Amino acid sequence: MTSDHEDTNTMAVDDGLDEISPMTLGLYYQRVFPHELYYKWLNYNAKTPSNDFTHREFSFTINGDVYLRYQSFNDGADFQRELQKLSPNKIDIGAIFTAQPKYAKTLQPGVFKAVSKELVFDIDMTDYDEVRTCCRGGDICNKCWKFMTVAMHILDKALREDFGFEKIMWVYSGRRGVHCWVCDERARKLDDAGRKAVAGYLTLIRGGAEQGKKVNLSQRAGYHPHVLRSMEIVEEYFEDIVLIDQEVLLTKERWTKILSALPDEELRKLLDARWSKYPNTSSVEKWSEMIDAVDKKASKRGNKFGLGTFERDMMLQLIYPRLDENVTTHLGHLLKSPFCIHPKTGRVCTPIDADQFDSYDPMSVPTLSQLLREVNSSSSSQNNGPKDSKLMSEHIAIFEKFVATLSPSTEDHTAANGSGGGSLDF
């Protein structure tokens, strides 16, 4: 018979670290969050606090879902103190304004306005729900994460090769998507029109849920460098992701969606009848059969009704990046900060190096509880910051490498109207 004392020793101890709370977030912001690098990033390595940081809007979501907008700080130490004091559940980063956002309510109308911000992109897995079959909503797995892999490859190349941007940081959103921060000064100066032009250039999928065919490029558009480059990437991943992993033609419900985009009723009926007779045929075989039938019909009718470009357009529709254009086009739109803790998963929003696009595993990203247990178990009585964390060391190194490429702005952004978008050639 065991004693009461022995019973308590064998029981699991609830240390409170599994909960996302002001206490656990406070520990994270104190012991793990990379304050120094974070300040260098948004101050663009300037030796003294610049308008890039001091006139920047931050928003904090604190306990009880209280949303605090127009927060701004005098320097990195000021930001760190407030972060540790409030322990926000979420940090959003906004634009740089003509004045410090914390004084926004005291300024005359028209005086306070956004003038610059990083060019940002948001890709969310839920926008792929009409294609992916493995998961739904906020859930992800290694199969559907490959859509994010393709998205990063395509957009990163376009931003670098078509627009000449170099300072590009990709960040895992903490749950089901990725964010992109383009930090080149030319990108930060873009006004809403310029941002809309970039987003429009990169958007190929258009149309709502009721529209069967959402990519409708002309034969001439198919020779555009961005389309040709994107197709090279799409062709590399398409069969593995769409046909094997997602099996988009496996069942009648699934193949009906694909056939609805086929601009030929006779072919739709023919293929539906054939696949209904042999439903267990793999998606790879069904796709090949469909494209053969389309090509044969197109050879007789040319590109009438888009038959000649159907295969290219459908491959793009099923795997090309799906952008949230509102996030990109509006200068005043806020975006979740890197190194936040996602409230649903507890995972850190970590940077992704371009060399990691194919190997990055969101399931292996450390959680808040893992990080706190790691720092609490450290034998050292002193804590030297995020670099002490083995779980975060790789992510911090990626961020540090990126921040080292940045340089101070060549001019005061608040003196201009951010109209750099007019110089971009689309």
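This structure is a prediction, so every number in the text was calculated from the model and none was measured.

(A) Representation of the nonpolar core. Residues Tyr 28, Trp 41, Phe 58, Trp 170, Leu 202, Trp 287 and Met 290 are the most contacted members of the largest nonpolar core, which totals 116 residues. Non-local contacts of Met 290, meaning those with residues more than four positions away in its chain, are made with Ile 258, Leu 259, Leu 271, Trp 275 and Phe 310. If you look at the next biggest cluster of nonpolar residues, it comprises five residues, including Ala 95, Phe 97, Ala 99 and Phe 112.

(B) A look at helix α8 (residues 192–202). By the burial criterion, the buried members of α8 are Gly 194, Arg 195, Val 198, Ala 199, Tyr 201 and Leu 202. One side of α8 carries all its buried residues, which in axial view fall inside an arc of 160 degrees. The exposed residues of α8 that point more than 90 degrees off its buried face are Ala 193 and Lys 196. Looking at the buried residues of α8, the elements they touch are β4 (114–116), β5 (119–124), α6 (145–161), α7 (185–188), α9 (225–245) and α14 (325–329).

(C) Inspection of the state of the cysteines at higher detail. The full count for this structure, using the stated rule, is zero disulfides. In this structure Cys 135 is a free cysteine whose sulfur lies 3.6 Å from that of Cys 141, the closest cysteine sulfur available. The class of Cys 135 is buried, set by a relative accessible area of 12%. Left without a disulfide partner, Cys 340 is nearest to the cysteine sulfur of Cys 349, which lies 5.4 Å away. Note on Cys 340: relative accessible area 0%, which makes it buried.

(D) Here's a closer look at the environment of His 342. Among the secondary structure elements, His 342 is positioned in the loop between β8 (335–336) and β9 (351–352). Judged by relative accessible area, His 342 falls into the buried class, the value being 10%. Spatially, the C-alpha atom of His 342 lies 7.5 Å from that of Lys 90, the residues being 252 residues apart in sequence. Polar side-chain contacts of His 342 include one of 3.0 Å to the backbone nitrogen of Lys 344.

(E) Up close: unusual backbone geometry. Located in the positive-phi region is Tyr 44, a residue other than glycine, with phi close to 50 degrees. Positionally, Tyr 44 belongs in the loop between α3 (35–42) and α4 (51–54). With a relative accessible area of 1%, Tyr 44 lands in the buried category. A positive phi angle, near 45 degrees, is found at Ser 87, a position not held by glycine. With respect to the helices and strands, the residue Ser 87 is situated in the loop between α5 (76–86) and β3 (90–97). By relative accessible area, Ser 87 is classed as buried at 5%.

(F) Here's a closer look at the side chain of Asp 264. Locating Asp 264 in the fold gives a position in the loop between α10 (252–259) and α11 (265–277). Asp 264 gets classed as buried once you look at its relative accessible area, which sits at 6%. At 3.0 Å, the side chain of Asp 264 forms a polar contact with the side chain of Lys 297.

(G) Broad picture of helix α16 (residues 390–403). Over its 14 residues, α16 extends 20 Å from the first C-alpha to the last, a length consistent with the 20 Å expected when each residue adds 1.5 Å. Helix geometry: α16 is bent most strongly at Ile 396, by close to 25 degrees. The N-terminus of α16 is capped by Ser 389, whose side-chain oxygen sits 3.4 Å from the backbone nitrogen of Leu 391.

Cut-off values and rules
Residues numbered from 1 in each chain as written. Predicted model: local features only at pLDDT ≥ 70, side-chain atom pairs only at ≥ 80, totals over all residues. Heavy atoms only, no water. Core = buried A, V, L, I, M, F, W, Y, C linked by side-chain atoms within 4.5 Å. Buried < 20%, exposed > 50% of the residue type's maximum accessible area, 1.4 Å probe, protein only. Contact = heavy atoms within 4.5 Å. Helix = DSSP H or I, 4+ residues; strand = E, 2+ residues; numbered from the N terminus. Arc of directions from axis to C-beta. Disulfide = S-S within 2.5 Å. Polar contact = N/O pair within 3.5 Å; in protein donor to acceptor, adjacent residues only side chain to side chain. Expected span 1.5 Å × (residues − 1). Bend = angle between axes of the 7 residues up to and from the residue.

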